[in-house]
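Fold and geometry: a report
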Amino acid sequence: MASKAVKRVSSSAVDWARFAAVIPKVQIDTLRNIKTKHDTFLNKVHQLPENLPKIDFSGYKSRLPDPSMADRFQKAYEALSIPYPVDKDHFLQKVEAEREEQDKVVKQIVTFVQKEIDGNRTFISKIDTLPKYQDYTRESFVYYFPDTGFDPQRPTIWPHHEEDQPYVRKEGEDHH
Amino acid sequence: MLPALKSGVLRSILHGQGAFRAIAVAPIRAGSTGGSAEYIPPKTYTKEERIEQWDYVNSVYFGPERDLKNFPNPSQPDQAPPVRMGIVPASWFEFFYPKTGVTGPYLFAGGLSLWMLSKEVMVIDHYFWEFPSFWGAVWFVNYKFGSQIKKYFSDQLQLKQDIIFTRPINAMKGAAQETIAKCERLIEETEVAKHLYLAKKEGVELQLEAAYRQRLLTAFQEVKKRLDYALEKENVKRRYEQEHMVNWIVSSVTKSITAQQEKESIQSCIKTLKNLSAKQAAVL
C-alpha cells in the first residue's frame, strides 16, 4: 500500500469555469489544449484501480493441487508494499519555482495597474469637483480648460468650433 | 505659476508685447500663404497636469483667501428672470408688494402717467404714439414667436456648452472609466497564473498517481497470472493423464484380442444377424 505521507490525487481541484472566465480571449485555445491534456491524465487515473485489487485466494485454495502455494501467495500478496513513484525530474519543484517567479511578475503588474486605477479614480473625483458650467467666467474657463478655451496662440474663425476651422481636414475634402 | 497657465492666455500678461506679436502673426500663418494652412494641434494635457492645474485654479477662485460672501462667484442663470404682462419684470411688482399690496404697481404706473400727462412731461403729440405702439409690437412678437426665439437661442447656448464643456468632460470621464474597467480586467486576468500553476501541479501529480496505479495493476495481474498458471497446469496435467489412461486401456484391450477370438466374435455376429432376419421375415 502507498504510504500515508504521499498525497494522492484522484480528482481535479482546478476551477475550469473560472479559469476560462479570467483568461484573455486570445489565449482561449491554449486553455483548451491544457484542459485536453489534463483530462487525459485524469481519465488514465480513473481507468486504473485505486487500490490493490483483491484476489479470491479461497477459490484458488480449493482448486489448486497444493493449497500451501495459495497460502504463500496470499501472505506475500497481502504483505506487498508497492512504492509510490518518485518525481525523478523534479517537475513539481520546477512548477513551484515557476510559480514563485510568476508571483513576482503578477505582483509587479498588479501594483502598476492598481496605480493606474487609483490615478483614474482620482481624476474622475476631480472632474466631479469642477464648478458647474454656469459658474465659469470667460477668464476662469480658460484657466480651467486651456485647450478648449480661447487661446490667442491659436486664433479661430467664427463659429469657433474646432471642426469648423480651416486647418481641420474634412472627410472627403481635397486639401490643397 | 504653472507652465500650462504660462503657455495660455497669461502669456500676454507675463510677456507684455509678445501677445500682440502672436495675434498679428497668427492670421498670416493661418490664412494668406496660398491656402496651405499649417495645422497646430491643440496642446494635450495629461491627467496629472490637469489635476495640478485644477487644484491650483480652484485654490485661486474658491480658496480660503477668496471672500465669497461679499463677492460671490458670478453665475449665469439658466433662465431669464420671470416677467409679468409679457415684458414687465416680476421683481418690480415684488418690490411694491410689501408696501402697497397687489394693486400698488398698477396704481403707481397709472398715477405716474397721469402726473406726467398733467405736467406735460409726457406730451401727446404725433410722436407719443410711437411709445405704446412699439411696446405693443414687442408684446406681439413675444406672444407670437417668443417661444421659438427662446428655443433657438437656448439651443445655441446648449450646443456651445456641449462643444466646449459637456462633451470634452464626458469624454475625459468616459476614457478614465474605460481605463479603470480595462485595468480591473487585467488584474482579474492575472488570476490565470494561479489556475495555471494548479493545473500544472495536478498534471504532474496525476501522472504520478497513474504510474502508481499502473504498478498496482501490474502486481495484481502478475500474481493472478502465476496462480492461474498453476491452476491451468494442474488442469492440463489431469486432462492429459486421463486421456493417456483411456488410450492405454483401449490399446491394451485391443492388443489382448487374438485371431481366434476375432473369428468367433464375427461368426456370433453373423448368427445374430441371421436370427434377426428370420424374426423379421416371420413378422412380415
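Residues numbered from 1 in each chain as written. Chains lettered and ligands numbered in written order. Predicted model: local features only at pLDDT ≥ 70, side-chain atom pairs only at ≥ 80, totals over all residues.

All names here are of chain B. Averaged over all residues, the pLDDT of chain B is 83; the fraction at 70 or higher stands at 85%. For chain B, the element scoring lowest by mean pLDDT is helix α3 (residues 18–30), at 40; helix α6 (residues 104–118) scores highest, at 93. For the stretch residues 8–34, pLDDT sits under 50, and the model shows 27 contacts to residues farther than four places along the chain or on other chains. As scored by the predictor, the complex reaches a pTM of 0.64 and an ipTM of 0.76. (pLDDT = per-residue confidence, 0-100. Helix = DSSP H or I, 4+ residues; strand = E, 2+ residues; numbered from the N terminus. Contact = placed C-beta atoms within 7 Å.)

For an interface, size is often stated in terms of accessible area lost upon the parts coming together. Contacts between the two partners involve 82 residues from chain B, matched on the other side by 79 residues from chain A. Where the side of chain B that touches chain A is concerned, the elements lending two or more residues are α1 (3–7), α3, α4 (47–61), α7 (130–189) and α8 (192–256) of chain B. The element best represented in the side of chain B that touches chain A is α8 of chain B, accounting for 32 residues. Looking at the side of chain B that touches chain A residue by residue, the class counts come to 49 nonpolar, 15 polar and 18 charged. (Nonpolar A, V, L, I, M, F, W, Y, C, P; charged D, E, K, R; others polar.)

This part is about the packing of helix α5 (residues 91–128) of chain A against α8 of chain B. The contact between α5 of chain A and α8 of chain B brings their axes to 10 Å, and the two run at 180°. Of the possible angle classes, the one that applies to α5 of chain A and α8 of chain B is roughly antiparallel. Between α5 of chain A, through F91, L92, V95, R99, Q102 and V106 of chain A, and α8 of chain B, the contact on the second element is made entirely by A193, Y197, K200, K201 and V204 of chain B. (Axes fitted to C-alpha atoms, helices over the stretch in contact; angles between N-to-C directions. Parallel < 35°, antiparallel > 145°, perpendicular 65-115°, else oblique.)

Moving on to the nonpolar core. As a rule of thumb, nonpolar side chains are buried together in soluble globular proteins. One finds V9, F41 and V45 of chain A together with L206 and A210 of chain B forming the largest nonpolar core, which totals five residues. Those elements that place two or more of their residues in this core are α2 (28–47) of chain A together with α8 of chain B. Leaving out residues up to four positions away in the same chain, L206 of chain B has contacts with V9, F41, L42 and V45 of chain A. (Core = buried A, V, L, I, M, F, W, Y, C linked by C-beta atoms within 7 Å. Buried ≥ 20, exposed ≤ 12 C-beta atoms within 10 Å, placed from the backbone.)

To continue, consider unusual backbone geometry. In most cases, non-glycine residues show a negative phi, while peptide bonds are predominantly trans. One non-glycine residue, H90 of chain A, lies in positive phi territory at about 55°. Considering the arrangement of structural elements, one finds H90 of chain A in the loop between α4 (67–78) and α5. A positive phi angle, near 55°, is found at E120 of chain B, a position not held by glycine. Mapped onto the fold, E120 of chain B is located in the loop between α6 and α7.

Here α2 of chain A contains 20 residues, and its C-alpha end-to-end distance of 28 Å stays within 8% of the 28 Å for a straight helix at 1.5 Å per residue. Residues I34, F41 and V45 of chain A constitute the buried set of α2 of chain A. When α2 of chain A is viewed along its axis, its buried side chains cluster within an angular range of 45° and face the same direction. Seen from the open side of α2 of chain A, the exposed residues pointing more than 90 degrees away from its buried face are I28, D29, R32, N33, T36, D39, N43 and Q47 of chain A. Taken together, the buried residues of α2 of chain A touch α8 of chain B. (Expected span 1.5 Å × (residues − 1). Arc of directions from axis to C-beta.)

Residues and elements named next belong to chain A. With respect to the helices, strands and loops of the structure, G149 is situated in the segment after α6 (138–144). Once the C-alpha coordinates of G149 and R138 are considered, the two residues, 11 residues apart in sequence, prove to be 8.1 Å apart. Apart from the residues within four sequence positions on either side, G149 is in contact with F141 and V142.

Helix-helix packing is described using two parameters, namely the angle between the two axes and the distance between the axes. The interhelical angle for the contact between α2 of chain A and α8 of chain B, taken along N-to-C directions, is 25°, at an axis separation of 8 Å. The angle between the axes of α2 of chain A and α8 of chain B places the two elements in the roughly parallel class. The two elements α2 of chain A and α8 of chain B cross, and the hand of that crossing is left-handed. Where α2 of chain A approaches α8 of chain B, its residues I34, K37, H38, F41, L42, K44 and V45 of chain A are matched on the opposing element by A199, E202, G203, L206, Q207, E209, A210 and R213 of chain B. Split by residue class, the contact of α2 of chain A with α8 of chain B holds seven nonpolar, three polar and five charged. (Left-handed = near helix turned anticlockwise from the far one by under 90°.)

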